[in-house]
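For reference, the chains in residue letters:
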Amino acid sequence: MRKQIAAANWKMNKTFQDGKELLETIVNGIGNLSSDQQVIFAVPFPYLMESNKSINNKPNVFISAQNCHHKTAGAFTGEVSVDMLDSIGIKYCVVGHSERREYFHESNAELAEKVNLCLSKSITPIFCCGEPLNIREEGIQNSFVEKQLNDSLFHLDAEAVQKVVIAYEPIWAIGTGKTATSDQAQEMHAHLRTVLAQKFGKQVADHVSILYGGSVKGANAKEIFSQPDVDGGLVGGASLISAEFLQIISALK
Ligand code: PEP
């Protein structure tokens with residue numbers, strides 16, 4: 001079975017002390033996860049090492065970076081490399097979040113480089129894709145998201161692509177309180193799985209976890225996650241509230 005994942009994206013929120021308390025409260029509140037379930041916390045860079053310590057090797061709980069640079073090393077002041085993440089034992093990295101695509105002009109080509117670097121260090125990229133509202137209104141969201149995958153993931157071989165987690169996050173649903181309906185989520189996830197199957201074969205497509213992101217909350221997680229091609233969620237706002245995120249974790253298949 002594919003991994004069912006609840007991934008928290010803290011973005012640029014919480015002081016170190018508040019984040020530590022939040023992480024500990026949630027980790028202590030997680031019941032037994034099955035071997036197919038995972039909980040991931042994408043925390044700000046300065047908290048990565050300490051957060052990794054505080055989860056204390058709890059099975060199926062991981063700390064993720066929210067970004068990495070697309071070059072290996074060098075004169076890139078303020079940036080963080082994949083080697084740096086690897087050197088402190090980080091196993092996941094969010095790649096291509098829509099906020100980074102928009103505010104930092106990250107291109108599909110750069111994201112392909114980030115994916116390659118992550119995989120070269122056995123760091124799982126949580127690759128974000130998703131369409132803006134105008135594309136949804138035009139009804140061309142399937143081809144738009146397909147191109148994001150095509151440009152940043154489809155150079156990989158079948159073995160490598162199975163190591164990527166995809167997060168479908170319609171931009172109009174991120175931080176807006178406007179969730180895609182479970183049908184809309186399922187439709188896109190099924191489309192992406194079909195595209196993966198066409199390119200890499202059905203067996204590979206059936207292995208790739210595809211998370212939904214966009215205003216997931218405790219109250220709507222169960223319905224969204226119950227869709228056959230939705231393998232959990234990438235969660236922003238609601239991941240900052242322990243009771244909400246615990247409810248989201250308990251909604252995993
Ligand atoms: C996100 O940042 O990836 C996200 C989905 O945010 P929110 O849950 O707040 O919409």
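Above: the structure in question.
Residues numbered from 1 in each chain as written. Predicted model: local features only at pLDDT ≥ 70, side-chain atom pairs only at ≥ 80, totals over all residues. Heavy atoms only, no water.

Draft legend 1. Highlighting the environment of Gln-203. You can see Gln-203 is positioned in helix α10 (residues 202-205). Of the residues examined, Gln-203 reaches a relative accessible area of 67% and is grouped as exposed. (Helix = DSSP H or I, 4+ residues; strand = E, 2+ residues; numbered from the N terminus. Buried < 20%, exposed > 50% of the residue type's maximum accessible area, 1.4 Å probe, protein only.)

Draft legend 2. The side chain of Ser-215, seen in detail. In this fold, Ser-215 is placed in the loop between β7 (210-213) and α11 (218-225). Of the polar contacts made by the side chain of Ser-215, one reaches the backbone oxygen of Ala-173; its length is 2.7 Å. Setting aside residues up to four positions removed in sequence, Ser-215 forms contacts with Ala-173, Gly-175, Thr-176, Gly-177, Lys-178, Thr-179 and Asn-220. (Polar contact = N/O pair within 3.5 Å; in protein donor to acceptor, adjacent residues only side chain to side chain. Contact = heavy atoms within 4.5 Å.)

Draft legend 3. Spatial organisation of the site of the ligand. Close contacts around the ligand come from 14 residues, with Lys-11, Glu-169, Gly-175, Ser-215 and Gly-236 the closest. Side-chain polar atom of Lys-11 to an oxygen atom of the ligand: 2.6 Å apart, as the coordinates give it. Measuring from an oxygen atom of the ligand, one finds a side-chain N or O atom of Glu-169 at 2.6 Å. Alone, the ligand offers 290 Å² of accessible surface; in the complex the protein occludes 96% of this. (Near = heavy atom within 4 Å. Areas by Shrake-Rupley, 256 points an atom, 1.4 Å probe, with all protein chains shown as cover.)

Draft legend 4. Structural view of the sheet that holds strand β2 (residues 37-42). Taken in spatial order, the eight strands of this closed barrel run β1-β2-β3-β4-β5-β6-β7-β8, and their pairing is parallel. Each strand axis lies, on average, 25 degrees off the axis of its neighbour in the sheet, ignoring direction. In the sheet, strand β5 (residues 124-129) pairs with strand β6 (residues 165-168) via four bridges, with the strands oriented parallel. Note that in β6 the partner of Cys-129 across the bridge is Tyr-168. (Pairing = 2+ DSSP bridges. Axes fitted to C-alpha atoms, helices over the stretch in contact; angles between N-to-C directions.)

Draft legend 5. Up close: the side chain of Glu-106. With respect to the helices and strands, Glu-106 occurs in the loop between α4 (98-103) and α5 (108-120). Taking relative accessible area as the criterion, Glu-106 reaches 9% and is therefore assigned buried. With residues up to four places along the chain from it excluded, the contact list for Glu-106 reads Asn-67, Gly-96, Arg-100, Arg-101, Leu-111 and Lys-114.

Draft legend 6. Spotlight on the layout of surface pockets. Reported here for the largest pocket is a volume of approximately 510 Å³. Lys-11, Met-12, Gln-66, Arg-100 and Phe-104 are the residues nearest the centre of the largest pocket, which is lined by 18 residues in total. Sort the elements by how many residues they give to the lining of the largest pocket and α4 lands first, with three residues. Class assignment of the residues belonging to the lining of the largest pocket gives a composition of nine nonpolar, five polar and four charged. (1 Å grid on protein atoms, 1.4 Å probe; cavity = no way out; pocket = protein on both sides within 12 Å on 5 of 7 lines; lining within 4 Å. Points joined across faces, edges and corners; volume = space filled by probe spheres on them. Nonpolar A, V, L, I, M, F, W, Y, C, P; charged D, E, K, R; others polar.)

Draft legend 7. Quick peek at helix α12 (residues 242-250). Phe-245, Ile-248 and Ile-249 are the residues of α12 that are buried. The arc enclosing the buried residues of α12, seen along the axis, measures out at 100 degrees, which places them on a common side. Turned more than 90 degrees from where α12 packs its buried face, Ala-243 and Ser-250 sit exposed. For α12, the elements touching its buried residues are β1 (4-9), α1 (16-29), β2, α11 and β8 (232-235). (Arc of directions from axis to C-beta.)

Draft legend 8. Molecular detail of the environment of Gln-186. Mapped onto the elements, Gln-186 comes out in helix α9 (residues 182-200). Measuring from C-alpha to C-alpha, the distance between Gln-186 and Phe-225 comes to 9.3 Å, with 39 residues separating the pair along the chain. Setting aside its immediate chain neighbours within four residues, Gln-186 contacts Gln-227, Pro-228, Asp-229 and Val-230.

Draft legend 9. Focus on the packing of α1 against α12. The geometry of α1 relative to α12 is characterised by a closest axis approach of 10 Å and an angle of 35 degrees between their N-to-C directions. Considering only the axes of α1 and α12, their crossing is right-handed. Of the residues in α12, those touching α1 at Leu-22, Thr-25, Ile-26 and Gly-29 are Ser-242, Phe-245, Leu-246 and Ile-249. Across the contact of α1 with α12, the residue classes break down as five nonpolar, three polar and no charged. (Left-handed = near helix turned anticlockwise from the far one by under 90°.)

Draft legend 10. Up close: the packing of aromatic side chains. Taken as a whole, this structure holds five aromatic pairs when the rule is applied. Note that Arg-100 overlies the ring of Phe-104, its terminal NZ or CZ placed 4.0 Å from the centroid. (Phe/Tyr/Trp six-rings, centres within 6.5 Å; stacked < 30°, edge-to-face > 60°. Lys NZ or Arg CZ within 6 Å of the ring centre and 35° of its normal.)

Draft legend 11. Spatial organisation of the nonpolar core. Counting 70 residues, the largest nonpolar core has Phe-41, Ile-166 and Phe-245 as its most contacted members. It is α9 that provides the largest number of residues to this core, a total of six residues. Look past the residues within four positions of Ile-166 in its chain and what remains in contact with it is Phe-127, Cys-129, Leu-149, Leu-153, Leu-192, Leu-196, Val-208, Ser-209, Ile-210 and Leu-211. Counting twelve residues, the second-largest nonpolar core is a separate cluster that includes Ile-5, Val-165, Leu-211 and Leu-234. (Core = buried A, V, L, I, M, F, W, Y, C linked by side-chain atoms within 4.5 Å.)

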